[in-house]
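What follows is the residue order along each chain.
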Amino acid sequence: MRGALLILKKEFLELSKDRKTIFFAFVMPLLLWPLIFSMILSLEKTDSKRREDKASRIWLVDPGRVITSRLQAEPKLFELVSQPSGDIRQAIKDQKLELFVEIPSDAQEKIARQETCSIKVLTDESESSSSLALKRLRKVVSTQEKDLVAARLQAIQAPPQLAEPMNIASTNVADMGLQMGKLLGSFLPYLLLIMMYSGSMQPGIYTTAGEKERGTLQCLLATRLPRNQIILGKLLYVFLMGVISAVLNLASMGFTFTKMVGAAMAQDAPVAATGHGMGMPAMSAVALGLSFLLMIPLGLLFANFIVFMGIQAKNTHEAGTALAPGIFVVVFLGIFSSAPGIEKMLWVPYVPVMNVSLAIRKLFSQQGDPVQYLVALGMTVLLAAVMTWISTRLLDRESAIFKQS
Amino acid sequence: MIQLVDIHKTFVVKDKKSRSKKRIEAVKGLTFTVQPGEIYGLLGPNGAGKSTTLRMIAGLMKPDQGELRICGLDGLAEPERSRAQIGYLSTDLNVYGRFTPRELLRIFGEFQGLEAGIAERRGMHLLEKLDLHDFADVRMEGFSSGQKQKVSIARALLHDPRVVIFDEPTTGLDVLTAKTVLDMLRLLRSEGRTVIVSTHVMPMVEEICDRVGIIFDGLLHGDAAPAEILSKWNVKTLDEVFFQLAAQAAVEA
């Protein structure tokens, strides 16, 4: 093992000389997620405030003045505009106004006759400002509707319950932590897989095909170090780079998500947050620990695949071409594991990568199945062990070492 | 001492046109011995089998057949122990560009079983001999071919090997650096080491080699002192031996 550790030392020493790689591998993940999330949240907040502060422009045709006065009473929410020039549909699409509302001329009579009066609305729901305008209008109409129903019930001296024979009183049992866990579990597993694979890929190519390309691999092989120790050292390095990359991304993302997105969610749902706190630390400790345990053999599996392909390649270009599609496979398996109902398929725990992604998702949503988890762990450990056995014999193949570009 | 007995090596290559696999016999039964305190020149044109032979001696390749002994050790049965006796310099003039010579020699010393401090001291001593000590702490990415070769020589000799293998050590070097390399080879001989060099630079062979083996098409054509070879082939230069061998090969083909 001493030889492998010496190779590992050499690889990290070489890495320490490359400031660019250090920045992109270790510093960038720490900055990236807070930056991305803070930018998204800030933009969303600004946009939302801008929309909320702006009155919705409505061209209202209401000859019987059924809702006109109600809309006029809310100048901060509604701005009644005159008929726009040209086609009204195009005007809405062009955002010259948010809604066109048409109340039939006989609306008052219909209401008086206790009939239903239909209000025609033109809107563009692909635009958030139009959707907001419709939401505001629905609220006004709903209030008016309630007033009318109350008046009708009063007229016939009936109790208010007549119009509401049933109602649902629901209580949300999920605390904020569980909600966040489910949210994280929906995208975190496959992001982790991608980070681990891509984090291992470049160092892996550099230390395998790169050594061949630079002509330095022969120097290593000519030393007294056993070849399996050389490969093992390189495997350890590639594995550690993948794990470090994934852990840094995870830590950065977790911190950002908990602090920034969590705070934003708590603002939106203060009742759910009260008393329960965020619930994150307790959930995270177990879920993160078990997820990390799964990531170790998976990282070793990725490192083996990368080293295997890297050593077989003639040069870094060929290695890159061979390894890049691996990202798509990882993404595909990761996304597939998030598909609805996938956990009910009996074969899923036996599919490498996908089983890990699914197990992590379950852990974060507090629905972890111990059997499924152990199968995923066992399968990945077994595969990683077999791949390591194969890899450590790679340098005995002269065709792999002396393949030249 | 290096001892090769009936060494064979065959490569399987893919013919891109016919998509079939071809067997190329690169080394066809080489037998020779190199004694301590001797510089043995392995000569031959490109593709003759020189580098393959040296790689087999250095433990980078395994012969398909034959016997290989390094300082009394079975090179095939005890590869790691055998490699520990060898200092190998490949044809590639490449070094780890991110390292300084000091760092490279320290880490390679550790690979060869030395303590880091001892490796560094020995490395610095070798760099001084090779007139490169001023560059000991400069990153090697900007080094010239000569500077890289000097560092590679220091790396190969770091663990005080009893057998030294230099594969085309002066190719691509200026005359001054080439002289430094030749002086180093002489020094190694005077220290009683077993030295084997491959080259196609004939004046160098005549200048420093005690004995030469001429490889052509994987076969050894002559294994004697340079003067004996010239006399046997009745030629004035070793180049002429190649011309005659090439002519013979053309007639046989």
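The rules behind each value
- Throughout this document, residue positions are counted from 1 along each chain, in the order its sequence is written.
- For this description, chains carry letters from A and ligands carry numbers from 1, given in the order in which they are written.
- This being a predicted model, a pLDDT of at least 70 is required before a residue's local features are given, and a value of 80 or more before pairs of side-chain atoms are given or counted; all residues contribute to the totals for chains, interfaces and linings.
- Computation of side-chain values covers all heavy atoms of the structure but excludes hydrogens and water.
- The criterion used for residue contact is that any of the two residues' heavy atoms lie within 4.5 Å.
- Salt bridge, as used here: a side-chain nitrogen of Lys or Arg that lies within 4 Å of a carboxyl oxygen of Asp or Glu.
- Pairing of N or O atoms within 3.5 Å defines a polar contact, subject to two protein rules: one partner must be a possible hydrogen donor and the other a possible acceptor, and residues neighboring in sequence count only if both atoms are side-chain atoms.
- Starting at the N terminus, helices and strands are each numbered in turn, a helix being any DSSP run of H or I of at least four residues and a strand any DSSP run of E of at least two.
- For this classification, the nonpolar set comprises Ala, Val, Leu, Ile, Met, Phe, Trp, Tyr, Cys and Pro, the charged set comprises Asp, Glu, Lys and Arg, and every other residue, Gly included, is treated as polar.
- Strands are treated as partners if at least two bridges between them are detected by DSSP.
- Working convention: axes come from line fits to C-alpha atoms, limited for helices to the stretch in contact. Angles between N-to-C directions cover 0 to 180 degrees.
- For the exposure calls, accessible area comes from a 1.4 Å probe over protein chains only, and a residue counts as buried if that area is under 20% of its type's maximum, exposed if over 50%, partly exposed in between.

Student: How should I be thinking about the interface of chain A and chain B in this particular structure?
Tutor: You'll often see interface size given as the accessible area lost when the parts meet. Contacts between the two partners involve 28 residues from chain A, matched on the other side by 27 residues from chain B. Along the contact surface separating chain A from chain B lie three salt bridges. A:K17 is the salt-bridge partner of B:E103, the closest N and O atoms lying 2.2 Å from each other. Seen at the junction of chain A and chain B, the total is 15 residue pairs in polar contact (both at pLDDT 80 or more). Listed by contribution, the elements that provide at least two residues to the side of chain A that touches chain B are helix 1 (2-16), helix 8 (209-214) and helix 9 (217-221) of chain A. When residues of the side of chain A that touches chain B are assigned to their parent elements, the largest contribution, eight residues, is made by helix 1 of chain A. Within the side of chain A that touches chain B, the residues separate by chemical class into twelve nonpolar, five polar and eleven charged.

Student: Can you help me understand the sheet that holds strand 1 (residues 56-61) of chain A in this one?
Tutor: Strand pairing in a sheet relies on backbone hydrogen bonds. The paired strands run either parallel or antiparallel. Residues and elements named next belong to chain A. Strands sit in the order 2-1-3-4 across an open sheet of four strands; the sheet is mixed. A strand with exactly one partner marks an edge of an open sheet, and here the two such strands are strand 2 (78-80) and strand 4 (120-123). Taking each pair of neighbouring strands and ignoring which way they run, the sheet shows an average axis angle of 25 degrees.

Student: Honestly, the pattern of salt bridges in this entry has me stumped. Any pointers?
Tutor: Side chains bearing opposite charge may pair, as long as their charged atoms lie close to each other. All chains considered together, the criterion is met by 32 salt bridges over all chains. For A:R57, the salt bridge goes to A:E98, with nearest N and O atoms at 2.7 Å. One end of the pair, A:R57, is in strand 1; the other, A:E98, is in the loop between helix 4 (88-93) and strand 3 (99-102), with 41 residues separating them in the sequence. Assessed through its relative accessible area of 3%, A:E98 is described here as buried. In this structure, the salt-bridge partner of B:K50 is B:E168, at a minimum N-O distance of 3.8 Å. With B:K50 in helix 1 (residues 50-58) and B:E168 in the loop between strand 7 (163-167) and helix 6 (175-190), the pair connects residues that are 118 residues apart, well separated along the chain. Note on accessibility: B:K50 and B:E168 belong to one class, buried. Several salt bridges share partner residues, and in doing so they unite A:K10, A:E11, A:E14, A:E211 and A:K234 into one network.

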